[in-house]
Amino acid sequence: MSSSSLSRTPLSTRAAAIAAAALLGGAVLTACGSEDGAGDGATATGPTVVASTSVYADIAEQVAGDNATVEAVISDPAADPHSYEASPADAAAVTGADLVVYNGAGYDSFVDRALENTSDIPVVRAVDEYERVTGEEIAEHSHGDDHGADDHGHDDDHGHDDDHDGHGAEDGHDDHGSDDAHDDHDHSSDTNEHVWFSLPTAAAVAERVAEELATIDEENAEEYRENASRFADSLAPLEAELDAIHDRGHFPYAQTERVGAHLFDAAHMVDLTPRGFLASIEDDTDPSAADLSAMLDLMGEREVAFLAFNTQTETTVTARVRDAAESADVAVVELTETLPEGMDYTTWMTGIVDSLSSALDGATPVADGGH
């Protein structure tokens, strides 16, 4: 459901929701609060924004400035949002908010569950903004959660039959050296819900947050819009750096999980990761011996320019792949799903893009640029 389809309710009419939040969770959310002290200096009478993770809280805070209070349900940089168990206080915070910002597509489904019995709270869903700027829909993921967001009426089904199709046949791993195996770069964007790694999407989320806050708090509308524009401008140098990588050609890489794939897609890189390996990691199962062997061979034979490694969900299997990469002197680009402590979104993405550029220094693309 697009945020624009929601009704706007004045702050004064939400007294019941706020009272419920106080009864269920007390005046303070134990799980909330962005790493940079979201809401510091905000006016007591301003809007309250609740975001699912510190990533979206930071984007919202950069838009809100001192005019609103911003809270993150998941603020621990070590927490895994896929398996996060929301508390009654978390749910109360969501239902007591004036604006809710989250990812959608089942990634942070605890937000959808909290919103099941409400209809008057404006929301900004990042997957909707991704679709708005790219024209591509993100299929619903359950992550083992029987309470998927598709029960919430968001029309998230999108008509996709997504059982991790797009990974390709499991016997397709031995063709990773051929150029023709990577037509269209095998992006599989419709199955990757980690859309905050899409810089245009992050800017679109900021823009939508500004518009929602401008509706709620008309007095500060222009400031919200200016802040969103400033945030988008801060991402422009990173997009230029990705464009420069793109112009060099298609670089091959592998990943332990498709967390940062939207960022790599922007540079038109070629993902050689065995599809079965990724499907197993996403389903929290061990990959087959053939898939693991193919992944290790990519490292040992140095067929990739770098390995993208999610440090937040490290397992025995992914640690083994990283060890193989380091033993073969394959560069490792570290990623997390939530903001590292003390960083804002732009600083975080700058570090990742800089690490990516360093990993590609002297690397050879599998196809020429100029496309």
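Below is a summary of the structure that appears in this document. Remember, it's a predicted structure, so these values are computed and weren't measured experimentally.

### Details of a negative patch on the surface
Together, Asp66, Glu222, Glu223 and Glu226 give the surface a local cluster of negative charge. Tracing the backbone through its elements, the reader meets Glu223 in helix 7 (residues 221-248). Classification of Glu223 as partly exposed rests on a relative accessible area of 35%.

### Some details on the pairing of strand 6 (residues 252-255)
A two-sided burial pattern is seen for strand 6, the buried positions comprising Pro252 and Ala254 on one face and Tyr253 and Gln255 on the other. The pairing of strand 6 with strand 7 (residues 270-271) spans two bridges and is classified as parallel. In the strand pairing of strand 7, Pro252 is matched with Val270. Taken together, strand 6, helix 8 (residues 261-266) and strand 7 form a β-α-β motif whose crossover is right-handed. Sheet analysis places strand 6 next to strand 8 (residues 306-310), joined by three bridges and oriented parallel. Opposite Gln255, over in strand 8, you have Ala308 as the bridge partner.

### Thoughts on the side chain of Ser54
On the secondary structure map, Ser54 appears in helix 2 (residues 54-64). According to the relative accessible area criterion, Ser54 is buried, its value standing at 1%. Discounting chain neighbours no more than four positions away, the residues touching Ser54 are Ala72, Ile74, Ser75, Thr338 and Leu339.

What counts as what
- Residues numbered from 1 in each chain as written.
- Predicted model: local features only at pLDDT ≥ 70, side-chain atom pairs only at ≥ 80, totals over all residues.
- Heavy atoms only, no water.
- Patch = residues over 30% accessible without salt bridge, like charges linked within 9 Å, V, L, I, M, F, W, Y side chains within 5 Å.
- Areas by Shrake-Rupley, 256 points an atom, 1.4 Å probe, with all protein chains shown as cover.
- Salt bridge = Lys/Arg side-chain N within 4 Å of Asp/Glu carboxyl O.
- Lys, Arg positive; Asp, Glu negative; His and termini not counted.
- Charge placed at Lys NZ, Arg CZ, Asp CG, Glu CD.
- Helix = DSSP H or I, 4+ residues; strand = E, 2+ residues; numbered from the N terminus.
- Buried < 20%, exposed > 50% of the residue type's maximum accessible area, 1.4 Å probe, protein only.
- Pairing = 2+ DSSP bridges.
- Right-handed = clockwise from strand over helix to strand, strands pointing away.
- Contact = heavy atoms within 4.5 Å.

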